[in-house]
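Breakdown of the fold
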Amino acid sequence: MLRTTLLLPWWTASLATGAKSFVDHPLIGSRRLNEAGLHTARVRAAHALAERRRRATAGRIRAEDREAFARDGLVVRHDFLPPALFARLREGLAAWRGPCRDMRQGDAVTRRFALDPALLGAVPELRALSRHPEWQGLIRHVSSFDAEPVAYVQTILARQGAGAGGAAGGGSSDPQLRLHADAFQPSAKAWLFLDDVAEDEGPLTYVPGSHRLTPERLAWERRMSLSAAQAERLTARGSFRVTDEDLVAMRLPPPRRLAVPANTLVVADTFGFHARGPSARPSRRTEVWAYSRHNPFVPWHAPDFAAIAAINERRVTAYWRGRDLLARWIGQPWRKAGNRGPFDTEPS
């Protein structure tokens, strides 16, 4: 109580940021304040400001993509890159071996390779992708921020033996299999799939239209906020999990599994409910993956220092090393996995 009182000015100021944890923030997690409307007020404000910012980025994408996003919360573009460019990109990554990091969740491993100077030099097609006007335009519009996204080459290894205390082939549940929203605010994630994605091998799954802040969604957000601090770990940290019954109550359709061919780009608002689909067998999914999430309460587009190549190409490595140094106090879920290739199938 003394600590909370002394830090009250800090806690109060941080309400005007993307802070979302109901267990680490005494005001965000306060049932009394959420009964009075704190969480729903933050949700409303974040979405109103996102719509305002999106008006400035609308001209950067095609009219049909704007319509698809407004309707569904995601844009799906098949054959995104010219075939020759995509083939060179994939061949370059198939030949690459370099440092990466792994994070295990249940029986799934997420592996990431930083788009650093070494990888970009070896596979220049990655730089061409990162500068592609539609890659940039779609992510900026969906996220509502005219800012450089953070990008990786990412490999998802599903059904990889024992999880935390589980048995081989049936370890502890991968939390990404449950439909969820990443945060209370609009944000973007993008996937350029480098392989065909089968329906039974961990496809991206999304509930169309669930990005919209309807009265039913806002009422659900309020109900969740009243008990989130006592909920399972990821909901308590602000990434609300949703049930099939909740979807029906919010008048939302069933989730859609995106079984798509290679060279398909998907950009989605992850306020919308999404998940990784289940995999019927050990499988690998490799993609160029990006995300963009910033302070939702900034009403305008601020200067973006990450647009400077020297900063952008080193920020992921700097982030990992910073977490390494602070691991004793804040943890480090991303473990060094040695030199590997994006199409390798062995977990660390």
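The following refers to the structure shown.

A tally of regular secondary structure across the protein chain gives 15 helices and 11 strands. A compact globule built from 348 residues should have a C-alpha radius of gyration of about 20 Å, and the protein chain, at 20 Å, falls within 12% of that. With respect to the principal axes defined by its C-alpha atoms, the protein chain has extents near 55 × 50 × 40 Å. Split into buried and exposed, the 348 residues of the protein chain put 54% on the buried side. A sequence separation of at least 24 residues applies to 83% of the contacts in the protein chain between residues at least 6 apart.

The next subject is the pairing of strand 5 (residues 188-193). Extensive coverage of strand 5 is indicated by the burial of six of its six residues. Side chains A188, A190 and L192 of strand 5 all project onto a buried face; the interleaved residues K189, W191 and F193 project onto the opposite face, where all are buried too. Bridge count between strand 5 and strand 8 (residues 265-269): five bridges; the pairing is antiparallel. The residue of strand 8 that forms the bridge with A190 is V267.

A few words now on helix 9 (residues 133-143). Given 3.6 residues to a turn, an α-helix orients residues that are three or four positions apart in the same direction. The element helix 9 is largely enclosed, with a buried count of 10 among its 11 residues. Buried residues of helix 9: E134, W135, Q136, G137, L138, I139, R140, H141, V142 and S143, and no others. Of the residues flanking the end of helix 9, it is S144, one or two places downstream, whose phi is positive at about 80°.

So, about the environment of L120. Inspection of the secondary structure assignment puts L120 in helix 7 (residues 117-122). Owing to a relative accessible area of 3%, L120 belongs among the buried residues under this scheme. Between the C-alpha atoms of L120 and E313, which are 193 residues apart in sequence, the distance is 8.5 Å. Beyond its immediate chain neighbours, meaning those up to four positions away, L120 contacts L115, L126, R127 and E313.

The subject of this paragraph is the side chain of R111. Of note, R111 is situated in strand 3 (residues 108-114). Among the residues examined, R111 registers a relative accessible area of 0% and is labelled buried. Here D102 takes part through its side chain, which lies 2.8 Å from a polar atom of the side chain of R111. From its side chain, R111 meets the backbone oxygen of E346 in a polar contact 2.7 Å long. Discounting residues that sit within four places of it in the chain, R111 has contacts with C100, R101, D102, V153, Q154, T155, L157, R340, D344, E346, P347 and S348.

What counts, and at which threshold
Chains are numbered independently. Their residues run from 1 in the order of the written sequence. Two thresholds apply to this predicted model, a pLDDT of at least 70 for residue-level local features and 80 or more for giving and counting side-chain atom pairs, whereas whole-chain, interface and lining totals are computed over all residues. Remark: hydrogens and water are excluded; side-chain values derive from all non-hydrogen atoms of the structure. The secondary structure listing takes helices from DSSP runs of H or I that are at least 4 residues long and strands from runs of E that are at least 2 residues long, numbered from the N terminus. We compute the radius of gyration from the C-alpha atoms alone; for a globule the expected value is 2.2 Å times N to the 0.38, where N is the number of residues. Residue exposure (1.4 Å probe, protein chains only): buried if accessible area is under 20% of the type maximum, exposed if over 50%, otherwise partly exposed. Contacts: residue pairs with any heavy atoms within 4.5 Å of one another. Here the rule is simple: two strands pair whenever DSSP picks up at least two bridges between them. Polar contact criterion, stated in full: a pair of N or O atoms within 3.5 Å, where within protein one must be able to donate a hydrogen and the other to accept it, and residues adjacent in sequence count only if both atoms are side-chain atoms.

Geometric descriptors of this kind do not, in isolation, establish any biological role.
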